[in-house]
Amino acid sequence: MPRLVAASSRGILLSVAYDGRPFAGYARQRDQRTVAGELLGALRAIDPAIREIRGASRTDAGVHARDQRVAFDTAAPLPPRGWVLATARHLPDEIVIRRAAVVRVGFSPRFESLRKRYRYLILRDLVRDPFLSRRAWRVEGLTDEAIARARAEAAAATGTHDFAAFRTSADERTTTIRTLYGVELSLDPADPRLVRIDVDGNAFLHNMVRILVGTLMDVARGHLEPGAIARALASRDRRDAGITAPPDGLYLEQIHLRDDGQDAWPDGPSAGAPADEAAPAWAEPEADASLVPASGPDAGASLPPEPDPDAGASLPPEPGPGAHLPPDR
């Protein structure tokens, strides 16, 4: 590889996709294989001077991503295309950089985020599918009527609410008000066995999406009476919500940022949000002082992870995930 010549420092913004099954989550952890650890190692193979990487979301063990956003600072004179192609040989098959762009030094995707979209996949099948193992949650008894009940229940979650009942006890943030722009259930047109639950919001509490999905499935299967989401929102009591869905079916689908970078490569399907899915002008990041750094870039992968929507490999597990276990109430 040709020797890199020092240049002025700049930031590089990546869009990263990964299969979360073999990893202990996104954030680096001692003696654990993580997405951030693999990614940082690959980037340092190109530029050993890279000190840290800054991710937008610290996804939990087993959670997947199609558009995780990661930024780092470098003096290496590689263009965005070079970062995508040069790191490919150093990354495992489960991780790929789909896009790179130039941003300012210290750019933090976490604090530039306007909104995120998660997708949860439910497999409604009487038998397991080896090709969807740990990529979808198999739930029995999901008739068309059951899906209709879940779809009607989901409407109560849309809007700005206090989602205190939809987080784990390990999440101690004082601000629990979040805005969900939509919670939509649909069948995958290529495979009607798959139910897609798309959750679009400005920010999320720890395990908020998984608890919301678990509540929808409890209502769908008759384990909870309709109106469970509204009751849990009103009471702010975790016991009024449903089980915590397993991480297997959760995907970080897309993150909308204020600044998507310059000179992106490739400038196509991987280049962020399509024009018709751009964040609306009224979509603002959450007003949570606990998420705003006092100075400098946000905590990188080298710092202890802070709970995020699906984070928590370092947090105590909540009882009851999975269709075969009793509800965690």
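For the structure itself, look to the data block above.
Residues numbered from 1 in each chain as written. Predicted model: local features only at pLDDT ≥ 70, side-chain atom pairs only at ≥ 80, totals over all residues. Heavy atoms only, no water.

## Let's talk about the overall build of the chain
Within the chain, the regular secondary structure consists of six helices and 11 strands. The proportion of buried residues among the 329 residues of the chain is 55%. (Helix = DSSP H or I, 4+ residues; strand = E, 2+ residues; numbered from the N terminus. Buried < 20%, exposed > 50% of the residue type's maximum accessible area, 1.4 Å probe, protein only.)

## Quick word on the nonpolar core
Trp-83, Ile-122, Phe-166, Ile-197 and Met-217 are the most contacted members of the largest nonpolar core, which has 75 residues in total. When residues of this core are assigned to their parent elements, the largest contribution, eight residues, is made by helix 5 (residues 208-220). Excluding anything up to four places from it in sequence, Trp-83 contacts Ile-12, Leu-43, Ile-46, Asp-47, Ile-50, Phe-72, Thr-74, Ala-76, Leu-78, Ile-97 and Ala-100. (Core = buried A, V, L, I, M, F, W, Y, C linked by side-chain atoms within 4.5 Å. Contact = heavy atoms within 4.5 Å.)

## Thoughts on the packing of aromatic side chains
Using the criterion set out here, one finds four aromatic pairs in the structure. Here the aromatic rings of Tyr-118 and Phe-204 are separated by 5.1 Å at their centres, their planes lie at 80°, and the arrangement is edge-to-face. Residue Tyr-118 is located in strand 5 (residues 113-123), and its partner Phe-204 is located in the loop between strand 9 (191-201) and helix 5; the two are separated by 86 residues in the primary sequence. For the pair shown, Tyr-118 and Phe-204 are each scored as buried. (Phe/Tyr/Trp six-rings, centres within 6.5 Å; stacked < 30°, edge-to-face > 60°.)

## Examining the pattern of salt bridges
In this structure the tally under the stated criterion is 25 salt bridges. With its nearest N and O atoms 3.1 Å apart, the salt bridge here joins Arg-138 to Glu-140. Among the residues examined, Arg-138 registers a relative accessible area of 30% and is labelled partly exposed. Residue class for Glu-140 comes out partly exposed when judged on its relative accessible area of 46%. The shortest N-O distance in the salt bridge between Asp-218 and Arg-221 comes to 3.3 Å. (Salt bridge = Lys/Arg side-chain N within 4 Å of Asp/Glu carboxyl O.)

## Remarks on the environment of Ile-122
For Ile-122, the location among the structural elements is in strand 5. C-alpha of Ile-122 to C-alpha of Glu-140: the two residues are 18 residues apart in sequence and 9.7 Å apart in space. Beyond its immediate chain neighbours, meaning those up to four positions away, Ile-122 contacts Trp-137, Val-139, Leu-142, Arg-193, Leu-194, Val-195, Ile-197, Val-213 and Met-217.

## Regarding the environment of Ile-53
Topologically, Ile-53 is positioned in the loop between helix 1 (35-46) and strand 2 (54-55). Since its relative accessible area comes to 0%, Ile-53 is described here as buried. C-alpha separation for the pair Ile-53 and Gly-106, spaced 53 residues apart in sequence, amounts to 9.9 Å.

## Structural notes on unusual backbone geometry
A cis geometry characterises the amide bond from Trp-265 onward to Pro-266, with omega recorded as -10°. If you trace the backbone, Pro-266 turns up in the segment after strand 11 (262-265). A positive phi angle is found at Arg-134, which is not glycine, with a value near 60°. By relative accessible area, Arg-134 is classed as partly exposed at 39%. In this structure, Asn-207 takes a positive phi of about 65° despite not being glycine.

## A few points about the packing of helix 1 against helix 2 (residues 80-88)
It is at 9 Å that the axes of helix 1 and helix 2 come closest, and there the two elements cross at 110°. Taken together, the axes of helix 1 and helix 2 lie roughly perpendicular to each other. Listed contacts from helix 2 to Ala-42, Leu-43 and Ile-46 of helix 1 are Trp-83, Ala-86 and Thr-87. Here the contact of helix 1 with helix 2 is built from residues that sort into five nonpolar, one polar and no charged. (Axes fitted to C-alpha atoms, helices over the stretch in contact; angles between N-to-C directions. Parallel < 35°, antiparallel > 145°, perpendicular 65-115°, else oblique. Nonpolar A, V, L, I, M, F, W, Y, C, P; charged D, E, K, R; others polar.)

## Considering the pairing of strand 8 (residues 177-188)
Two strands pair when backbone bridges link them, and strand 7 (residues 159-162) and strand 8 are joined in this way by four bridges, in the antiparallel orientation. Along strand 8, the bridge assignment pairs Thr-160 with Thr-179. What sits between the antiparallel neighbours strand 8 and strand 9 is a turn of two residues. (Pairing = 2+ DSSP bridges.)

## Observations concerning the side chain of Arg-196
Turning to its location among the elements, Arg-196 is positioned in strand 9. Within the buried set, Arg-196 has no salt-bridge partner at all; the shortest N-O distance to an opposite charge, 4.5 Å, is to Asp-188. In contact with Arg-196, not counting residues within four places along its chain, are Arg-119, Tyr-120, Leu-121, Glu-184, Leu-185, Ser-186, Leu-187, Asp-188 and Pro-189. (Lys, Arg positive; Asp, Glu negative; His and termini not counted.)

## Digging into helix 6 (residues 228-235)
Residues Ala-228, Ile-229, Ala-232 and Leu-233 constitute the buried set of helix 6. Projection of helix 6 onto a plane perpendicular to its axis shows the buried side chains occupying an angular sector of 135°, all on one side. Of the surrounding elements, those touching the buried residues of helix 6 are helix 4 (144-154), strand 7 and helix 5. Downstream of helix 6 by a residue or two, Arg-236 has a phi angle that is positive, lying close to 60°. (Arc of directions from axis to C-beta.)

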